[in-house]
Amino acid sequence: MKRLVINLDRSPERLAHMSREFARIGIGFERVAGIDGKQHPDLMLQPQHAIHATRPLSGSEIACLHSHRACWTIIAQDEAPYGAVFEDDMVFSSKAGALLGDTSWVPADADVVKLETFFSRTVIQRKRTPAGHGFSMFRLRKGHPGAGGYLLSRRTARDFLEATAQANIAVDDLIFNPIMSAGKTIYQLVPALCAQDQFVDGRLASLLDQERDAARTASGLMARQRKPMAVRISREAGRTARWIADFCRFRQRIIVPLDPVEASD
């Protein structure tokens, strides 16, 4: 199985970080040169279909999508049934090497396995599939942000390449929003195998978040307005109704924890 790391040419310190991380877990990786939105302002001129997008994508988001597409192309052309994709600011569990060395633990019906946690609440099916080494897999039933670490099947890589022939959706929305990826079997690894450094050590800020927030601030989208009381009451009632529905469908709400980064004795 190929383990691919997306890294911009202007971010050698992030490549050094990932080299240390993979050395720590005792396994190798391949670098994939990321598409730099700052070097390609023409990306904003690319036609964007509004089939799934709720807003036009920023140049950095389009560049991120193309960077992931470069990895999907490699996986689609490889002989292995799965490939792993990582962004260059990830921190791994001390056990990550044991799972990334092969794919024998991946369920036969899996199209994607999310290895990362974004520490935001999501919904998973209660049925558990053991993955070994203290990890389990659960069907993902609600969007879970982030595309920093995941396994992708060769067939699904081909499908995603076809679906994104024209930019129309952010990477994590495409992969980890069950509404957008309808028909795909998406698993969440629990506890997570990795997380962005910003959540662990705080040394590497998310470049995509920085550039996306700057664009949203410039457009006025970051300005928050307090919702009317009736709207807030309706929203809370909706949350309660969804919780009851999830419980009846044997689903549970969860903030996916990160497996310990340091090995325990």
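Structure: see above.
Cut-offs used in this document
- Residues numbered from 1 in each chain as written.
- Predicted model: local features only at pLDDT ≥ 70, side-chain atom pairs only at ≥ 80, totals over all residues.
- Heavy atoms only, no water.
- Helix = DSSP H or I, 4+ residues; strand = E, 2+ residues; numbered from the N terminus.
- Buried < 20%, exposed > 50% of the residue type's maximum accessible area, 1.4 Å probe, protein only.
- Areas by Shrake-Rupley, 256 points an atom, 1.4 Å probe, with all protein chains shown as cover.
- Pairing = 2+ DSSP bridges.
- Phe/Tyr/Trp six-rings, centres within 6.5 Å; stacked < 30°, edge-to-face > 60°.
- Expected span 1.5 Å × (residues − 1).
- Patch = residues over 30% accessible without salt bridge, like charges linked within 9 Å, V, L, I, M, F, W, Y side chains within 5 Å.
- Salt bridge = Lys/Arg side-chain N within 4 Å of Asp/Glu carboxyl O.
- Polar contact = N/O pair within 3.5 Å; in protein donor to acceptor, adjacent residues only side chain to side chain.
- Contact = heavy atoms within 4.5 Å.
- Core = buried A, V, L, I, M, F, W, Y, C linked by side-chain atoms within 4.5 Å.

> Whenever I open this one, the overall build of the chain confuses me. Can you help?
Check the secondary structure of the chain and you find eight helices and 12 strands. Within the chain, the proportion of its 265 residues that are buried is 46%. As displayed, the chain offers around 13,300 Å² of accessible surface, 54% of which is attributable to carbon and sulfur atoms.

> Honestly, the pairing of strand E7 (residues 129–132) in this entry has me stumped. Any pointers?
Within a regular beta strand, the side chains point alternately toward one face of the sheet and then the other, so they alternate between its two faces. Two strands pair when backbone bridges link them, and E7 and strand E8 (residues 135–139) are joined in this way by three bridges, in the antiparallel orientation. In the sheet register, Pro-130 faces E8, and the bridge partner there is Ser-136. Count of turn residues in the E7/E8 antiparallel hairpin: two residues, of which His-133 carries a positive phi of about 60 degrees.

> For this particular structure, what's the right way to read the packing of aromatic side chains?
The geometry of an aromatic ring pair is captured by the separation of the ring centres together with the interplanar angle, meaning the angle of the planes. A full pass over the atoms with the stated rule returns eight aromatic pairs. Seen in terms of ring centroids, Phe-86 and Phe-92 are 5.2 Å apart; in terms of plane orientation they differ by 85 degrees. Their pairing is edge-to-face. Note on accessibility: Phe-86 and Phe-92 belong to one class, buried. Site record: aromatic cluster; members linked through ring pairs are Phe-22, Phe-29, Phe-86 and Phe-92.

> Could you clarify how one ought to interpret the side chain of Glu-21 in this entry?
Structurally, the position occupied by Glu-21 is in helix H1 (residues 12–25). Overall, the relative accessible area of 9% leaves Glu-21 in the buried class.

> Just to check I follow, could you spell out helix H2 (residues 59–77) for this structure?
With 19 residues, H2 ought to run about 27 Å at 1.5 Å a step, and its terminal C-alpha atoms sit 27 Å apart, in line with that. Of all the 19 residues making up H2, 14 are buried; the element is thus mostly covered by neighbouring parts of the structure.

> Is there a simple way to think about a nonpolar patch on the surface in this case?
There is a patch of nonpolar side chains on the surface, built from Phe-119, Phe-199, Val-200 and Ile-255 and spanning about 290 Å² of accessible area. When you line up the elements, Val-200 lands in helix H6 (residues 197–200).

> Looking at this model, I keep getting lost on the side chain of Asp-197. Mind explaining?
In this fold, Asp-197 is placed in helix H6. Judged by relative accessible area, Asp-197 falls into the buried class, the value being 0%. A polar side-chain atom of Asp-197 sits 2.7 Å from the main-chain amide nitrogen of Arg-203. Look past the residues within four positions of Asp-197 in its chain and what remains in contact with it is His-17, Asp-89, Val-91, Gly-202, Arg-203 and Leu-204.

> I would appreciate a short explanation of the environment of Gln-39 in the present structure.
You can see Gln-39 is positioned in the loop between strand E2 (30–33) and H2. Residue class for Gln-39 comes out exposed when judged on its relative accessible area of 57%. Separated by 24 residues in the primary sequence, Gln-39 and Ala-63 have C-alpha atoms spaced 9.7 Å apart.

> What is the right way to look at the nonpolar core in this model?
Nonpolar side chains in soluble globular proteins generally cluster together in the buried interior. In terms of nonpolar packing, the biggest core is built from 30 residues, with Trp-72, Val-112, Tyr-150, Leu-152 and Ile-175 touching the most fellow members. Of all the secondary structure elements, the ones that give two or more residues to this core are strand E1 (3–7), H2, strand E9 (149–153), helix H4 (154–163), helix H5 (171–176) and strand E10 (186–190). If one sorts the elements of this core by residue count, H2 sits on top with six residues. Contacts of Val-112, omitting those with residues within four sequence positions, involve Tyr-150, Leu-151, Leu-152, Thr-156, Phe-160, Ile-175, Phe-176, Thr-185, Ile-186 and Tyr-187. With 26 residues, the next largest nonpolar core counts Val-5, Tyr-82, Trp-105 and Leu-151 among its residues.

> How should I be thinking about unusual backbone geometry in this particular structure?
Note: most peptide bonds trans; most residues except glycine with negative phi. Val-190 connects to Pro-191 through a cis peptide bond whose omega is -5 degrees. We note that Phe-119 has phi near 55 degrees; this positive angle belongs to a residue other than glycine. For Phe-119, the location among the structural elements is in the loop between strand E5 (112–114) and strand E6 (121–125). Despite not being glycine, His-133 has its phi angle at roughly 60 degrees, a positive value.

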